[in-house]
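Observations on the model geometry
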Amino acid sequence: MTAIGPFGEYPQTRPRRNRQTDWSRRLVRENYLSVDNLIWPIFVQPGKATRTPIASLPGVDRLSIDIAVEEAQRAESLGIPVIALFPATPTELKTPQCEEAINPDNLVCQAVRAIKEKGLDIGILCDVALDPYSSHGHDGLVKDGYVVNDETVEMLCRQAIIQAAAGCDIIAPSDMMDGRIDAIRKALDHDQYQHVQIMAYAAKYASAFYGPFRDAVGSSGNLAGGDKKTYQMDPANTDEAIREVGLDLSEGADMVMVKPGMPYLDIVRRIKETFAVPTYVYQVSGEYAMLQAAAGNGWLDLEKTMMESLMAFKRAGANGILTYFAPQAAELLRKG
Ligand SMILES: NCC(=O)CCC(=O)O
Ligand SMILES: [Mg+2]
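All values derive from a computational prediction rather than experimental measurement. (Residues numbered from 1 in each chain as written. Chains lettered and ligands numbered in written order. Predicted model: local features only at pLDDT ≥ 70, side-chain atom pairs only at ≥ 80, totals over all residues.)

1. Thoughts on the overall build of the protein
Across its full length, the protein carries 12 helices and 12 strands. Its C-alpha atoms give the protein a radius of gyration of 21 Å, near enough to 20 Å, the size a compact globule of 336 residues would have. Projecting the C-alpha coordinates of the protein onto the three principal axes gives extents of approximately 70 × 45 × 40 Å. Counting the 336 residues in the protein, one finds 45% classified as buried. (Helix = DSSP H or I, 4+ residues; strand = E, 2+ residues; numbered from the N terminus. Rg over C-alpha atoms; globule rule 2.2 N^0.38 Å. Buried ≥ 20, exposed ≤ 12 C-beta atoms within 10 Å, placed from the backbone.)

Structure below.
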């Protein structure tokens, strides 16, 4: 892939020659961003005909299901292949045992069914993890202050099944429990959901860039100064990401994801080069918020930095990007 010299010598060799004109820059361009690369995360909330702004995510609203359906139709008309649905569960339904996660009539299942009824040519992705449903804000069940692995995995299997039954196309375990891909794949297959795809949040880091997402789903207060370091990865590590991805692939993941995005481009590159499988990256809420805040202050050009950041993921080797910028980026790509 990387050509090794000789590179010639100045003045015969002038790299700027290829950059002189737009047509020549297009001729030598190595990577492309397409609407096909975008996955649009959408927050759903109870109610009707309501959009609720999220202060730390300017331009992103929580949507009642009827509006989420309209946005799904917009995703299809923009050519965005997949939307990812995240529930803002009412506080009174959040419990230590996370029963709402396995309620077939919970918010996310209702949203999936309502969107599926429209017969749109888009995929629906749903997270599997307990944090939208837990009163403690953790992604799993907690016993004696520790997030317990195997009991959590049993819950995740049940959660995956009700989401698949609602019509979810891609199950995306984001919990970072060990062995959950194997267990979820077997549970799905056992219940005749062999066709349901799994996108594993395989290398998910214990990052501080998730803050605004937790505001959006109302879990930031619940975590109360705690952290997820006993299950999410240490930002210092890269070999560990290879091991995590290897395990998830051998357990049956169809696609893998790295999260967060921009500070972890080295991880994306390493995973793509090591495994050569469909690899996705999540440009998380904190990354979105940083660009919006700087642009809001007039310090950065939002459209240009947005498109540059998305291209950077492609250059690093990602096949696609989960990004809150998906609709804006799709509009810009359509204009060309
Ligand atoms: N499992 C989904 C997330 O945690 C999203 C994080 C973010 O956007 O900050
Ligand atoms: Mg793992």
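2. A short note on the environment of Y288
In this fold, Y288 is placed in helix α10 (residues 285-296). Distance from Y288 to F325, taken between C-alpha atoms, is 7.6 Å for residues 37 residues apart in sequence. Apart from residues no more than four positions distant in its own chain, Y288 is found in contact with L57, Q283, Y324 and F325. (Contact = placed C-beta atoms within 7 Å.)

3. Some points on the site of ligand 1
Residues in contact with ligand 1, as listed here, are D127, S174, Y210, F213, V284, S285 and G286. Looking at the shell around ligand 1 residue by residue, the class counts come to 3 nonpolar, 3 polar and 1 charged. (Near = placed C-beta within 6 Å. Nonpolar A, V, L, I, M, F, W, Y, C, P; charged D, E, K, R; others polar.)

4. Digging into the pairing of strand β4 (residues 82-87)
Counting buried residues in β4 gives 6 out of 6 residues, a clear majority hidden from the surface. Neither face of β4 is open: one carries V82, A84 and F86, the other I83, L85 and P87, and all of them are buried. Here strand β1 (residues 38-45) pairs with β4 via 6 bridges, running parallel. Among the inter-strand pairings, W40 is bridged to a residue of β4, identified as I83. At this point the chain moves from β4, through helix α3 (residues 107-116), to the parallel strand β5 (residues 123-128), and the crossover so formed is right-handed. (Pairing = 2+ DSSP bridges. Right-handed = clockwise from strand over helix to strand, strands pointing away.)

5. Here we look at the environment of R17
For R17, the location among the structural elements is in the segment before α1 (22-27). Among the residues examined, R17 registers 8 C-beta atoms within 10 Å and is labelled exposed. Separated by 206 residues in the primary sequence, R17 and L223 have C-alpha atoms spaced 55 Å apart.

6. Section: the UniProt feature "binding site: Mg(2+)" (unreviewed entry) in the protein
UniProt tags E244 as "binding site: Mg(2+)" (unreviewed entry). Topologically, E244 is positioned in helix α8 (residues 239-250). Non-local contacts of E244, meaning those with residues more than four positions away in its chain, are made with A202, A203 and M233. (UniProt positions renumbered as here; feature names shortened; annotations may be inferred.)

7. Looking at the environment of E117
With respect to the helices and strands, the residue E117 is situated in the loop between α3 and β5. Judged by C-beta crowding, with 10 C-beta atoms within 10 Å, E117 ranks as exposed. Put simply, E117 and I181 are 64 residues apart on the chain and 28 Å apart in space, counted from C-alpha to C-alpha.

8. Focus: the nonpolar core
Core analysis: the largest hydrophobic core is formed by 103 residues, its most contacted members being V44, I83, L85 and I184. For this core, the leading source of residues is helix α4 (residues 149-166), giving 8 residues. Setting aside residues no more than four positions away along its own chain, I83 makes contact with W40, I42, A72, A75, I122 and I124. (Core = buried A, V, L, I, M, F, W, Y, C linked by C-beta atoms within 7 Å.)

9. Considering α8
The terminal C-alpha atoms of α8 lie 17 Å apart, and with 12 residues this matches the ideal 16 Å at 1.5 Å per residue to within 8%. Listed in full, the buried residues belonging to α8 are A241, E244, V245 and D248. Seen end-on, α8 carries its buried residues on one side only, within an arc spanning 95°. Set apart from the buried face of α8 by more than 90 degrees, the exposed residues are D239, R243 and S250. Positive phi shows up at G252, right after α8, with a value of about 120°. (Expected span 1.5 Å × (residues − 1). Arc of directions from axis to C-beta.)

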